[in-house]
Amino acid sequence: MRFDRVWLNARLATLGGNDLGIIESGAVASKDGLIAFAGPMQDLPTGWDAAGRIDCEGRWITPGLIDCHTHLVYGGDRAHEFELRLKGASYEEIARAGGGILSTVKATRAASEDELVASALPRLDHLIAEGCTTVEIKSGYGLDLESETRSLRAARRLTDTRPISVTTTFLGAHALPPEANGDKDAFIDKVCDQMLPVLAREGLADAVDAFCEGIAFSPEQVARVFEAARTHRLKIKLHADQLSNLNGAKLAADYGALSADHLEYTDVDGAVAMAKAGTVAVLLPGAFYMLRETQLPPIAAFREAGTHMALATDCNPGTSPMTSLLLTMNMGATLFRLTVEECIAGVTREAARALGKLDEIGTLEPGKFCDLAIWEIERPAELVYRIGFNPLHARIWRGQ
């Protein structure tokens, strides 16, 4: 058998099954951008050959990292709000005073598509530099059809200039724009009847998300968005139970959502419902840290129920201006007490599951895209243990 490339003398964390899937003295082979072999070197097919052979000299190979929850495309920044929070202002107080999401909406609406692409690229480059090969990007800072369309087009365009896979999520029900004059139901009508059909028709969104919270939208309003998403055969995700328990986790599960994200106030019933539905719990320690929250996500309940857990940066200008999945893993372990195995799986296998792409990425298995991260480490725990240190040796996307 002739491969395109073979990476030899590596230690593998394949993430196959329910553990790290460690293989000592392993190899990975690629063909036409896909993994053709991943396993012990001794099991390589007899008589194999390859156009390229790379000696990894004992380095570790994991699947390429996956950031399954970001708001990477936006205008402006909100460093001034960070200062306000340091002085004691709460997230809700800033939002109700016209700051928060709405301040980013103003800057995003004023930015051209080219400007949105240009401002997002440095953030994306930081993720790529740490081995990220797939990123999800949400809209939600336009809140009108023109601006939401421009943001999603900008997100799609990032793949034109960088070797990375991008999935896009329409987050029209993120906040109430000023022109809505406080009428949330009328705005949800626009999201469902005007924005969503156009974005679905133009193929700009892979999924639909909403913010289910007292300062955002009610479960009943979110359910209307989900019904519209179903009509257009779009996948569903949800910002749920971040600041209070509105039973968002159960709502997401009821609609078969790919994931429910944040989840600090989710109860046991919500954890059980998510496990039964196969809805992934996406934990976002960056926002927890930045907002100095004290209510921890119900990790024990998720473990007991068998709920799959992913980790993501939640990269956004207000509550998690973070572009490091390595730091995210450390925060997940330190703040949420996740294990090393849970953290690494959370940014590979489980992140792929949260995007509905586990059949394509997230583990080192034949038939999946050859997206790899090669690390200069002695043991996988180093990826979670270190702070502010990047041990990436090489990043492979689609076999290149």
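In this text, all values refer to a predicted model and were calculated from it rather than measured experimentally.

Asker: What should I look at first to understand the UniProt feature "binding site: N-formimidoyl-L-glutamate" (unreviewed entry) in the protein chain in this one?
Answerer: If you check UniProt for "binding site: N-formimidoyl-L-glutamate" (unreviewed entry), the listed places come out as Tyr-141, Asn-316 and Gly-318 in our numbering. A maximum C-alpha distance of 11.6 Å is found for the annotated residues, which run over 178 residues; spatially they form one tight group. From the list above, the largest cavity is lined by Tyr-141, Asn-316 and Gly-318. Counting through the fold element by element, Tyr-141 comes out in the loop between strand S7 (132–138) and helix H5 (145–161). Dropping the residues within four chain positions of it, Tyr-141 is found in contact with His-71, Val-73, Tyr-74, Arg-78, Ile-101, Thr-104, Val-105, Thr-108, Glu-148, His-174, Asn-316 and Pro-317. As for its position among the elements, Gly-318 is in the loop between strand S13 (309–311) and helix H12 (325–336).

Asker: Help me understand the pattern of salt bridges, please; the structure alone is not making it clear to me.
Answerer: Pairing between side chains of opposite charge can happen when the charged atoms of each approach one another. Scanning the entire structure with this criterion turns up 27 salt bridges. Salt-bridge contacts for Asp-49 lead to Arg-2; the nearest nitrogen and oxygen are separated by 2.9 Å. Residue Asp-49 is located in strand S4 (residues 49–55), and its partner Arg-2 is located in strand S1 (residues 2–13); the two are separated by 47 residues in the primary sequence. Note on Asp-49: relative accessible area 32%, which makes it partly exposed. Judged by relative accessible area, Arg-2 falls into the partly exposed class, the value being 48%. Residues Arg-59 and Glu-376 are paired through a salt bridge, measuring 2.8 Å at the closest nitrogen-oxygen approach.

Asker: Please clarify how unusual backbone geometry should be interpreted in this entry.
Answerer: Most peptide bonds adopt trans geometry, and most residues besides glycine take a negative phi value. Phi is positive for Ser-25, which is not a glycine, with a value near 50°. Inspection of the secondary structure puts Ser-25 in strand S2 (residues 22–31). You can call Ser-25 partly exposed: its relative accessible area is 42%. At Arg-292, a residue that is not glycine, the phi angle is positive and equals roughly 50°. Its location among the elements puts Arg-292 in the loop between helix H10 (285–290) and helix H11 (299–305). On the basis of relative accessibility, which here comes to 56%, the residue Arg-292 falls in the exposed class.

Asker: Can you walk me through empty space enclosed by the protein in this structure?
Answerer: To find leftover empty space, one rolls a probe the size of a water molecule over the atoms. Tallying each qualifying case throughout the model produces two cavities of 30 Å³ or more. When its volume is computed, the largest cavity comes out at roughly 120 Å³. Considering the residues around the largest cavity, the lining is formed by 14 residues, among which Tyr-91, Ile-101, His-174, Asn-316 and Thr-319 are closest to the centre. Taken as a whole, the second largest cavity encloses approximately 50 Å³ of empty space. Residue composition of the lining of the second largest cavity, by class: six nonpolar, five polar and one charged.

Asker: Help me out: how do you make sense of the domain arrangement of the protein chain in this one?
Answerer: For the protein chain, the assigned domains are domain 1 (2–64 + 363–396) and domain 2 (65–355). Its C-alpha centre places domain 1 at a distance of 30 Å from the equivalent point of domain 2. For the pair domain 1 and domain 2, the summed buried surface comes to about 1800 Å²; carbon and sulfur atoms form 63% of the total. In terms of surface lost to domain 2, no three residues of domain 1 exceed Gly-64, Val-384 and Arg-395, which account for 35% of the buried area on that side. Between the two partners, domain 1 and domain 2, sit zero salt bridges. Linking domain 1 to domain 2 there are nine residue pairs in polar contact (both at pLDDT 80 or more). Looking at the side of domain 1 that touches domain 2 residue by residue, the class counts come to 16 nonpolar, seven polar and four charged.

Asker: What should I look at first to understand the UniProt feature "binding site: 4-imidazolone-5-propanoate" (unreviewed entry) in the protein chain in this one?
Answerer: As recorded in UniProt, the feature "binding site: 4-imidazolone-5-propanoate" (unreviewed entry) lies at Arg-78, Tyr-141, His-174, Gln-242 and Thr-319. Within the annotated group, the residues that form the lining of the largest cavity are Arg-78, Tyr-141, His-174, Gln-242 and Thr-319. By the secondary structure assignment, His-174 is in the loop between strand S8 (165–173) and helix H6 (184–201). Using a relative accessible area of 4% as the deciding quantity, one classes His-174 as buried. Other than its neighbours up to four places away in sequence, His-174 contacts His-71, Ile-101, Gly-140, Tyr-141, Leu-143, Phe-211, Ala-216 and Phe-217. Among the polar contacts made by the side chain of His-174, one reaches the main-chain carbonyl oxygen of Gly-140 at a distance of 2.9 Å.

Rules used throughout
Residues numbered from 1 in each chain as written. Predicted model: local features only at pLDDT ≥ 70, side-chain atom pairs only at ≥ 80, totals over all residues. Heavy atoms only, no water. UniProt positions renumbered as here; feature names shortened; annotations may be inferred. 1 Å grid on protein atoms, 1.4 Å probe; cavity = no way out; pocket = protein on both sides within 12 Å on 5 of 7 lines; lining within 4 Å. Helix = DSSP H or I, 4+ residues; strand = E, 2+ residues; numbered from the N terminus. Contact = heavy atoms within 4.5 Å. Salt bridge = Lys/Arg side-chain N within 4 Å of Asp/Glu carboxyl O. Buried < 20%, exposed > 50% of the residue type's maximum accessible area, 1.4 Å probe, protein only. Points joined across faces, edges and corners; volume = space filled by probe spheres on them. Nonpolar A, V, L, I, M, F, W, Y, C, P; charged D, E, K, R; others polar. Domains from an automatic or database assignment. Buried area = accessible area lost by both parts, 1.4 Å probe. Polar contact = N/O pair within 3.5 Å; in protein donor to acceptor, adjacent residues only side chain to side chain.

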